[in-house]
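Residues per chain, in single letters:
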Amino acid sequence: MTTATDYEAAALKAGRELEEASAQEILRWAADTFGKRFCVTSSMEDAVVAHLASTVLPGVDVVFLDTGYHFPETIGTRDAVAATMPVNVITLTPKLSVAEQDAEYGPRLHDRDPDLCCSLRKVEPLNRGLGGYDAWATGLRRDESPSRANTPVVAWDAKRRKVKLAPIARWTQDEVDAYVQANGVLLNPLLWEGYTSIGCSPLSCTAKPGEGEAGRAGRWAGSGKTECGIHL
């Protein structure tokens, strides 16, 4: 029987050995090692990692967090991915609806305490939803922000006691764009409207970055917050 300690050792070993591997090779390792106990998470900013995973594990579970605050375009992208790609989209929702959260914590919690809002609407649902998996993949890239600059391609997620993959960690935005164009990968339409990083729709959560600003500058703009908490 494989234990968490075994998976931790395997993750650290794979992180070293797969550092220079292609995204497909990293995902193939996960598919071979974990099978159906491996999933991909997607914010539906694009479907790049979901598409990559589907080429090595058709029918792979793609987990999406529906916070109740998403742009309609994001929900539309999720639905399009589910309808057109060989993946199994699973939507996770928070324990409280937006109305229930407003009643308990007061309206516009995302403006007053964004860390708590993200914890309730993103971190807790994901932790709960990942319960049936031993490994999960994300679309994190090192060039996105200083906080992501050292993202390993395979690591041990100690908080969740699972293997965590970032198969496109070494990719640049140009490489993402090239893959999208070559493979006809679905994109969130908001990317064509000037958004460069797409989260929840309140302006305090997602805004268009100013000229010359980094891609994630529009996330929680004007605050010291840089991550929702999922990757901390």
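Note that the structure is predicted; figures quoted are calculated from it, not measured.

A. Fine view of the packing of helix α5 (residues 98-105) against helix α7 (residues 114-129). At a minimum axis distance of 12 Å, the contact between α5 and α7 shows a crossing angle of 140°. Comparing their axes, α7 and α5 come out oblique. Relative to α7, α5 is oriented so that their crossing is right-handed. Contact residues: Val-98, Gln-101 and Tyr-105 in α5; Leu-116, Cys-117, Leu-120 and Arg-121 in α7. Residue composition of the contact of α5 with α7, by class: 5 nonpolar, 1 polar and 1 charged.

B. Focus on the pairing of strand β3 (residues 87-92). As judged from the 6 bridges shared by strand β2 (residues 60-65) and β3, these two strands associate in the parallel manner. Counted as the bridge partner of Leu-65 is Leu-92 from β3. Since β2 and β3 lie parallel, the crossover through helix α4 (residues 72-84) that links them has a hand, and here it is right-handed.

C. Layout of unusual backbone geometry. A positive phi is found at Met-44, a non-glycine position, where the angle reads about 65°. Residue position: Met-44 is located in the loop between β1 (38-41) and α3 (48-56). Of note in the backbone geometry, Trp-220 takes a positive phi value of approximately 50° without being a glycine. Examined against the element boundaries, Trp-220 turns out to sit in the segment after α8 (173-183).

Quick notes on the rules
Residues numbered from 1 in each chain as written. Predicted model: local features only at pLDDT ≥ 70, side-chain atom pairs only at ≥ 80, totals over all residues. Heavy atoms only, no water. Axes fitted to C-alpha atoms, helices over the stretch in contact; angles between N-to-C directions. Helix = DSSP H or I, 4+ residues; strand = E, 2+ residues; numbered from the N terminus. Parallel < 35°, antiparallel > 145°, perpendicular 65-115°, else oblique. Left-handed = near helix turned anticlockwise from the far one by under 90°. Contact = heavy atoms within 4.5 Å. Nonpolar A, V, L, I, M, F, W, Y, C, P; charged D, E, K, R; others polar. Pairing = 2+ DSSP bridges. Right-handed = clockwise from strand over helix to strand, strands pointing away.

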